[in-house]
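Structural overview for review
Single-letter residue listing:
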Amino acid sequence: MKRTTTAGLAAAALLLPLTGCGGDAEAGSGRTVTVTVGYQSKTINTVTAGTLLRSLGAFERELAARGKKDGFTYKVKWEDYATGAPITAQMTAGKIDIGSMGDFPLLLNAARGKQLGQPTRLVSVTGYNLRGGLNTVITTPDSKLTDLGELRGKKVSTSIGSAADGTLVRALQRAGLDAAKDIHKVNQQPAVGASALGAGSVDALSQFVAWPGLLAFQGKAKALYDGAELNLATFHGVTAREDFAEKNPAVLDAFLRAQITATAYLREHPVQAAEKVASATGLPAEVVYLYNGAHGIATFDPTLKPGLVDALKQDVPVLKAAKLVGDVDVDAFVDDRYIKKAYGADYGRQSAATAPPPRSEVWLKGAEKTEAFDSPALALRFAAAHRDTARAVYVPDATTGTLWFADRAVWVRDGGELKPFVTPSVAARYVTAHPGARTVPYATALAGS
């Protein structure tokens, strides 16, 4: 990572005259600056740099405060996309100043920016999962597929170059399959892939948040492979054009300060944050909470943790093998100066912080917070006593810790314990390794909790 500049240089940089962002300052004013932010509303692990941030108005407030000091009027232009690729295209064309996307698209962003002479920099993180649980391979509820190895010769939809594609490639390798030869990979946008799965034109779908959880919640899919089985960190982050960051450090500082504010709001008000994102995106709040809740699959932290940077370096060979990038200098791409300044003295403590252990949760109808439990059995017992008012029940996978809907999980009774699993294959491996353990239907688990 680049070292933080001296305090004197940082202060001087913030006093540089502001230039027009996102192309040009508003015509005729000379004192109005428009900042263009590219985000993915339905990729809900970017909400602290997109959907939630926009809903809270935190960036606009930071810029208004800045404007009172420097005499400029700031306007924010929000542009919503389905994936990171069009954000990168607009950034390299000088039309988007700040964008957010997943780890694999971030590397494509870095490579494309360098290739076109419009370099970008990774300046913060939004949501992450240290094991890789943000990506999932799913199939139809009535599919006979139970294990990833059974995908040989099958059609699998994914978005090539996405983190979900990377998960698919790596997972197939571990299963002894070559993604380029042993399956028929279909390159589709998430929504198109979801429709293809429902129509039966593909056998499986590998996608990022929130598609796997959404389709499972709707009863249209079941999990075939939990990305957390890879035990490789995956994350979403914020990238800024290098020329924008250098010319407008005060604007980027305002954005990152606003992101910190949005992150704090999400942590302190997870249910309300889920409702806000649901309202803005049309996604069910229960699905948003699965990923972004207090014990959700994602942990939100803007700091550029060394472990996440190392994971990014491990992603490069996967993209190179697919001939999507050449060499990518990750250390040059990562620039922690701006987020360090935005955090101040607290950066070291926050960057060393880790996600809390996963817990089970029950969300009751009309409740402004969930009830958390130390075991899935306790959560089921509470849910059973509140059958008519339980809005959603969440339980962590017994091996990966990935949160999942209790009624979509695979349940195993092992002696006096009930253990939930995201996928049938992991549950089957557990049963094989534990004589006497057996799978049970959710209704049985609920009744016997």
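Quantities reported herein were computed from a predicted structural model and do not represent experimental measurements.

The rules behind the values
Residues numbered from 1 in each chain as written. Predicted model: local features only at pLDDT ≥ 70, side-chain atom pairs only at ≥ 80, totals over all residues. Heavy atoms only, no water. 1 Å grid on protein atoms, 1.4 Å probe; cavity = no way out; pocket = protein on both sides within 12 Å on 5 of 7 lines; lining within 4 Å. Points joined across faces, edges and corners; volume = space filled by probe spheres on them. Helix = DSSP H or I, 4+ residues; strand = E, 2+ residues; numbered from the N terminus. Core = buried A, V, L, I, M, F, W, Y, C linked by side-chain atoms within 4.5 Å. Buried < 20%, exposed > 50% of the residue type's maximum accessible area, 1.4 Å probe, protein only. Contact = heavy atoms within 4.5 Å. Pairing = 2+ DSSP bridges. Axes fitted to C-alpha atoms, helices over the stretch in contact; angles between N-to-C directions. Salt bridge = Lys/Arg side-chain N within 4 Å of Asp/Glu carboxyl O. UniProt positions renumbered as here; feature names shortened; annotations may be inferred. Expected span 1.5 Å × (residues − 1). Nonpolar A, V, L, I, M, F, W, Y, C, P; charged D, E, K, R; others polar. Polar contact = N/O pair within 3.5 Å; in protein donor to acceptor, adjacent residues only side chain to side chain. Parallel < 35°, antiparallel > 145°, perpendicular 65-115°, else oblique.

Our focus in this paragraph is empty space enclosed by the protein. Any space left empty among the atoms is revealed by the rolling of a water-sized probe across them. Under the counting rule described, the total for this entry stands at two cavities of 30 Å³ or more. The calculated volume of the largest cavity comes to roughly 80 Å³. Along the wall of the largest cavity there are 13 residues; nearest its centre are Thr167, Arg170, Leu232, Ala233 and Thr234. For the lining of the largest cavity, the secondary-structure elements that each account for two or more residues are α5 (103-115) and α6 (163-174). For the lining of the largest cavity, the element with the highest residue contribution is α6, accounting for four residues.

Right, let's get into the nonpolar core. With 134 residues, the main nonpolar core has Ile44, Phe59, Leu151, Leu252, Phe255 and Trp411 as its most contacted residues. The leading source of residues in this core is helix α10 (residues 249-268), at 10 residues. Those residues within four positions of Leu151 in sequence are excluded, and the remaining contacts are Leu145, Val156, Leu172, Asp182, Ile183, Ala204 and Leu224. The next biggest cluster of nonpolar side chains, apart from the first, holds seven residues, and it includes Val410, Ala427, Tyr430 and Ala437.

On to the sheet that holds strand β6 (residues 155-158). Taken together, five strands build an open sheet; the order of strands is β7-β6-β8-β5-β9 and the sheet is mixed. Edge strands, defined here as strands with exactly one partner in the open sheet, are β7 (184-187) and β9 (222-226). In this sheet, adjacent strand axes meet at a mean angle of 30° when their direction is disregarded. Two strands pair when backbone bridges link them, and β6 and strand β8 (residues 204-208) are joined in this way by two bridges, in the parallel orientation. Counterpart to Val156 in the pairing with β8 is Ala204. With respect to the sheet, helix α7 (residues 190-199) is in contact with β5 (135-139), β6 and β8, its orientation differing from that of β8 by roughly 155°.

Overall, the coordinates contain 20 salt bridges when judged by the stated rule. The salt bridge involving Asp243 is made with Arg241; its shortest N-O contact spans 3.1 Å. According to the relative accessible area criterion, Arg241 is buried, its value standing at 7%. Each of the salt bridges in this network shares a partner with another, and the network as a whole consists of Asp97, Arg241 and Asp243.

On the UniProt side, "domain: SsuA/THI5-like" (unreviewed entry) is annotated at positions that read residues 89-273 here. Across residues 89-273 one finds 41% helix and 25% strand; the C-alpha atoms that close the span lie 30 Å apart.

Moving on, we get to unusual backbone geometry. With an omega dihedral of 5°, the bond running from Val209 to Ala210 counts as a cis peptide bond. Locating Ala210 in the fold gives a position in the loop between β8 and α8 (211-217). Even without being glycine, Asn231 reaches a positive phi, approximately 55°. Here Asn231 is to be found in the loop between β9 and β10 (234-241).

This brings us to helix α3 (residues 58-70). For α3, with 13 residues, the first-to-last C-alpha span of 19 Å sits near the 18 Å given by 1.5 Å per residue. Along α3, the positions that sit buried rather than exposed are Ala58, Phe59, Leu63 and Gly67. Residues of α3 that are buried sit in contact with β1 (32-39), α2 (51-56), β2 (73-80) and α10. Downstream of α3 by one or two residues, Gly71 has phi in the positive range, about 80°.

The next subject is the layout of surface pockets. Reported here for the largest pocket is a volume of approximately 600 Å³. Forming the boundary of the largest pocket are 28 residues, of which Gly296, Ala298, Thr299, Ala355 and Pro356 lie nearest the centre. Looking at the lining of the largest pocket, the elements that each hand over two or more residues are β4 (120-129), α10 and β11 (299-300). Considering only enclosed or pocket space, the second largest pocket measures out at about 450 Å³ in volume. Mapped by element, the contributors of at least two residues to the lining of the second largest pocket are α4 (85-92), β3 (98-102) and α5. Considering only residue class, the lining of the second largest pocket consists of 11 nonpolar, 14 polar and one charged.

On to α5, then. Structural remark: α-helix, 3.6 residues per turn; residues separated by three or four positions point the same way. If you check α5, its first and last C-alpha atoms are 19 Å apart, about what 13 residues at 1.5 Å a residue would give, namely 18 Å. Taken together, the buried positions of α5 are Asp103, Phe104, Pro105, Leu106, Leu107, Asn109, Ala110 and Gly113. Where α5 terminates, the next one or two residues include Gly117, which has phi positive at roughly 70°.

This brings us to the side chain of Thr92. Topologically, Thr92 is positioned in helix α4. For Thr92, a relative accessible area of 12% translates into the label buried. At a separation of 3.0 Å, a polar atom in the side chain of Thr92 contacts the main-chain carbonyl oxygen of Ala89. Apart from residues no more than four positions distant in its own chain, Thr92 is found in contact with Arg112, Gly113, Leu116 and Gln118.

The description of two helices packed together rests on the angle between their axes and the distance between the axes. Interaxial distance between α5 and α6 falls to 6 Å at its minimum, and their mutual angle equals 110°. By the criterion of interaxial angle, the relationship of α5 to α6 is roughly perpendicular. Along its contact with α5, which presents Asp103, Phe104 and Pro105, the element α6 presents Ala163, Gly166 and Arg170. A class-by-class count of the residues in the contact of α5 with α6 yields three nonpolar, one polar and two charged.

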